[in-house]
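Here are the chains, one letter per residue:
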Amino acid sequence: MEMPEEIFDKVVKIAQARGFVFNASSIYGGLRSSYDYGPLGVLLKNNISSMWWSSLNSLDVEIYPIDTAIIQSSEVWKASGHLAEFTDPMVDHKPTGERFRADQVPKDLKKEDLTEPRQFNLMFETSIGPVENENSAVYLRPETAQGIFVNFENVLRTMRAKIPFGIGNIGKSFRNEITPGQFIFRTREFEQMEIEFFCDESEEDKWFDYWVENRLNWYKNLGIPEKKLRIRNHEKSELAHYAKKTSDIEFEYPWGWGELEGIANRGNFDLNAHQESSGNDLKYFDPVTESKFTPSVIEPAGGLTRTLFAVLLSLYEEEELENETRTLFKFNFDLAPIQIGILPLSKKEELITVCNQINSSLRSNFRTEIDITQSIGKRYRRQDEIGTLYCITVDFDTLEDNSVTVRSRDTMEQERIKIEELRDYFNNF
Ligand code: GAP
């Protein structure tokens, strides 16, 4: 039985070697805890985000999409409480100047060598315009959520939205984490996928439970095994400054259980705060009761890049064959960066021409790749390792019978299929 740390190392190695994730600025030696997403990583990330949007589109309640700016007015962060409250206590180790989160100081350091804890704001500050002064300070958003709250009235008015409804936002967020790490699990720049769901206060518990279940099922549909997921309810003492109640969907990472998504009941904290601070009316008018009120908010807040990592960790498999081990990512058809590999048996021009024709006929419907270099056995292994579900092999018989071999990643079985039937064949998955 393999140790979980070994899985972590192997997944990180394959992710980097195969072009899912690269170290940022690698030609300059890299920047610690900063990562770039390579071609397969981008495809995988796009597939996760489109599965997120399409799951929201299939609900009976309306979830409106929005895409808000990373840099907002500083007033937003003042009103939301992030300027005052979005902090971690931090201590310095005097002999080395190293900085730690107060609750994460290595055990072997002497207490008397540490400074008193100080609050450290996690927001990245920058300035706007050519002159830096006290009015030019702005912040990179630490969550996508506030972009939704400040647009609540815009969406309500332009979409004639009726409660209950939600607004979804996907994009980059930034936190000057004191202890980033574990590959892309905790980084300073990451992507979030957040929903703010607006409802009547009397229904907030019902919607809270609805979203916990809905989001948990979404992770299962990605293919993450049920036993690797659990719900953990926050203790009162852990609740964020805005939350009445929070449940985390946790994933079993190689180092233990950790957060994948948080579902919070934010009550009317944010809308009230922005209402007070901006002086704008952010109330909802209920046409049935003819009353005005500030809705309650249930927030399912997930991490896109963190989900990508959980997917890689949980879908990684090794299989012992007669005289080698094959490694795979067992992505399902929707998730796989490449669904179909197209492989000429050899580099002969005639075979490559047929591969190109097959590729042109499939690539508008499927994610395909032509793979020419190396022996056919090595190419099958590479396609297994990047999680490609099917490989089409064009051989010399193809030139006679217009048929190809289709090999399944999971069963490794091969069947002969007519080229003209390929589209229908793959449309069934
Ligand atoms: N609006 C609420 C909010 O932002 P959060 O629990 O701080 O809540 C939501 O963040 C999700 O964003 C987390 O569950 C995690 O998946 C992801 N996330 C947060 N900080 C992250 C980081 N430093 N690196 C990667 N993902 C992160």
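The rules behind the values
Residues numbered from 1 in each chain as written. Predicted model: local features only at pLDDT ≥ 70, side-chain atom pairs only at ≥ 80, totals over all residues. Heavy atoms only, no water. Helix = DSSP H or I, 4+ residues; strand = E, 2+ residues; numbered from the N terminus. Contact = heavy atoms within 4.5 Å. Expected span 1.5 Å × (residues − 1). Buried < 20%, exposed > 50% of the residue type's maximum accessible area, 1.4 Å probe, protein only. Arc of directions from axis to C-beta. Pairing = 2+ DSSP bridges. Near = heavy atom within 4 Å. Polar contact = N/O pair within 3.5 Å; in protein donor to acceptor, adjacent residues only side chain to side chain. Areas by Shrake-Rupley, 256 points an atom, 1.4 Å probe, with all protein chains shown as cover. Axes fitted to C-alpha atoms, helices over the stretch in contact; angles between N-to-C directions. Salt bridge = Lys/Arg side-chain N within 4 Å of Asp/Glu carboxyl O. Phe/Tyr/Trp six-rings, centres within 6.5 Å; stacked < 30°, edge-to-face > 60°. Lys NZ or Arg CZ within 6 Å of the ring centre and 35° of its normal. Parallel < 35°, antiparallel > 145°, perpendicular 65-115°, else oblique. Nonpolar A, V, L, I, M, F, W, Y, C, P; charged D, E, K, R; others polar. Domains from an automatic or database assignment. Buried area = accessible area lost by both parts, 1.4 Å probe.

Visitor: Give a description of the side chain of R409 that names residues and reports values.
Guide: In this fold, R409 is placed in the loop between β22 (403-408) and β23 (414-418). Not counting residues within four places of it along the chain, the set of residues in contact with R409 comprises R326, L328, F329, K330, F331, D384, G387, T388 and L389.

Visitor: So what's going on with helix α10 (residues 349-362)? Which residues, and what values?
Guide: The end-to-end C-alpha separation of α10 is 20 Å, in line with the 20 Å expected for 14 residues at 1.5 Å each. Here α10 has its buried residues at L351, I352, V354, C355, I358, N359 and L362. The buried residues of α10 all sit within an arc of 160° when viewed along its axis, so they share a single face. Opposite its buried face, α10 presents the exposed residues E349, Q357 and S360, each directed more than 90 degrees away. Where α10 is buried, its residues meet β19 (340-344), β20 (368-370), β21 (390-394), α12 (396-401), β22 and α13 (422-427).

Visitor: Lay out the pairing of strand β17 (residues 316-320) with the relevant residues and their values.
Guide: Where β17 and strand β18 (residues 325-329) come together, five bridges link them in antiparallel fashion. Its bridge partner being in β18, Y316 is matched across the sheet by F329. Taking the residues between adjacent antiparallel strands as the criterion, β17 and β18 are bridged by four residues.

Visitor: Explain the site of the ligand to me, and be specific about the residues and the numbers.
Guide: Lining the immediate environment of the ligand, one finds 21 residues, of which E143, R175, E177, E194 and E259 sit closest. In the model, an oxygen atom of the ligand is placed 2.8 Å from a nitrogen or oxygen of the R175 side chain. In the environment of the ligand, a nitrogen atom lies 3.5 Å from a nitrogen or oxygen atom belonging to the side chain of R266. Taking 550 Å² as the accessible area of the ligand by itself, protein coverage stands at 91%.

Visitor: Explain the sheet that holds β20 residue by residue, including any values.
Guide: Taken in spatial order, the five strands make up an open sheet running β20-β19-β21-β22-β23, and their pairing is mixed. The open sheet has two edge strands, β20 and β23, and neither has a second partner. Averaged over all neighbouring strand pairs, the angle between strand axes comes to 25°, with direction disregarded. Pairing between β21 and β22: four bridges, direction antiparallel. Among the inter-strand pairings, I392 is bridged to a residue of β22, identified as V406. The sheet strands contacting α10 are β19, β20, β21 and β22, and the helix crosses β19 at an angle near 160°. Sheet contacts for helix α11 (residues 376-385): β19, β20, β21, β22 and β23; angle to β19, the most-contacted strand, approximately 170°.

Visitor: Run through the pattern of salt bridges, naming residues and quoting values.
Guide: When their charged atoms lie close together, side chains carrying opposite charge are able to pair. Summed over the entire model, instances satisfying the criterion amount to 36 salt bridges. Ionic pairing is found between R18 and E385, a salt bridge with its closest N-O pair at 2.9 Å. Note that R18 is positioned in the loop between α1 (4-17) and β1 (21-23) and E385 in helix α11, a separation of 367 residues in sequence. Judged by relative accessible area, which is 28%, R18 ranks as partly exposed.

Visitor: Help me get a handle on the packing of aromatic side chains, residues and values and all.
Guide: According to the stated counting rule, one finds 33 aromatic pairs in the structure shown. Judged by centre distance (5.0 Å) and plane angle (80°), the rings of W218 and Y219 are edge-to-face. Neither W218 nor Y219 differs from the other in exposure class; each is buried. Grouped by ring-pair contacts, the aromatic residues F8, Y35, F183, F185, F251, Y253, W255 and F309 constitute a single cluster. A cation over a ring is seen here: K245 above F208, with NZ or CZ 4.5 Å from the ring centre. One residue, R266, lies across the ring of Y242, its end atom 3.5 Å from the ring centre.

Visitor: Which residues make up the packing of helix α2 (residues 39-57) against helix α9 (residues 304-315), and what values do they have?
Guide: Put simply, α2 and α9 touch, their axes get as near as 10 Å, and they point 110° apart. Taken as axis vectors, α2 and α9 run roughly perpendicular relative to one another. Contact with α2, carried on its side by G41, L44, K45, I48 and S49, involves L304, T305, T307, L308 and L312 of α9 and no other residues of that element. Among the residues forming the contact of α2 with α9, the class breakdown is five nonpolar, four polar and one charged.

Visitor: So what's going on with the domain arrangement of the chain? Which residues, and what values?
Guide: Interface extent is often summarised as the accessible area lost during association of the parts. Partitioning the chain into structural domains gives domain 1 (4-78 + 139-313) and domain 2 (338-427). Measuring from the centre of the C-alpha atoms in domain 1 to the corresponding centre in domain 2 gives 38 Å. Residue-level contacts link six residues of domain 1 with five residues of domain 2. Of the roughly 590 Å² buried at the junction of domain 1 and domain 2 (both faces included), carbon and sulfur atoms supply 61%. Joining domain 1 to domain 2, the criterion identifies one salt bridge. At the surface where domain 1 touches domain 2, the tally comes to one residue pair in polar contact (both at pLDDT 80 or more). With three residues, α2 is the single largest residue contributor to the side of domain 1 that touches domain 2. When the residues that make up the side of domain 1 that touches domain 2 are grouped by side-chain class, the tally is four nonpolar, one polar and one charged.

Visitor: Tell me about the environment of G166, and please be specific about residues and values.
Guide: Within the secondary structure, G166 is located in strand β9 (residues 165-174). The spatial distance from the C-alpha of G166 to the C-alpha of L140 is 24 Å, given a sequence separation of 26 residues. For G166, the residues in contact, after removing those within four places along its chain, are E62, I63, Y64, E196 and F197.

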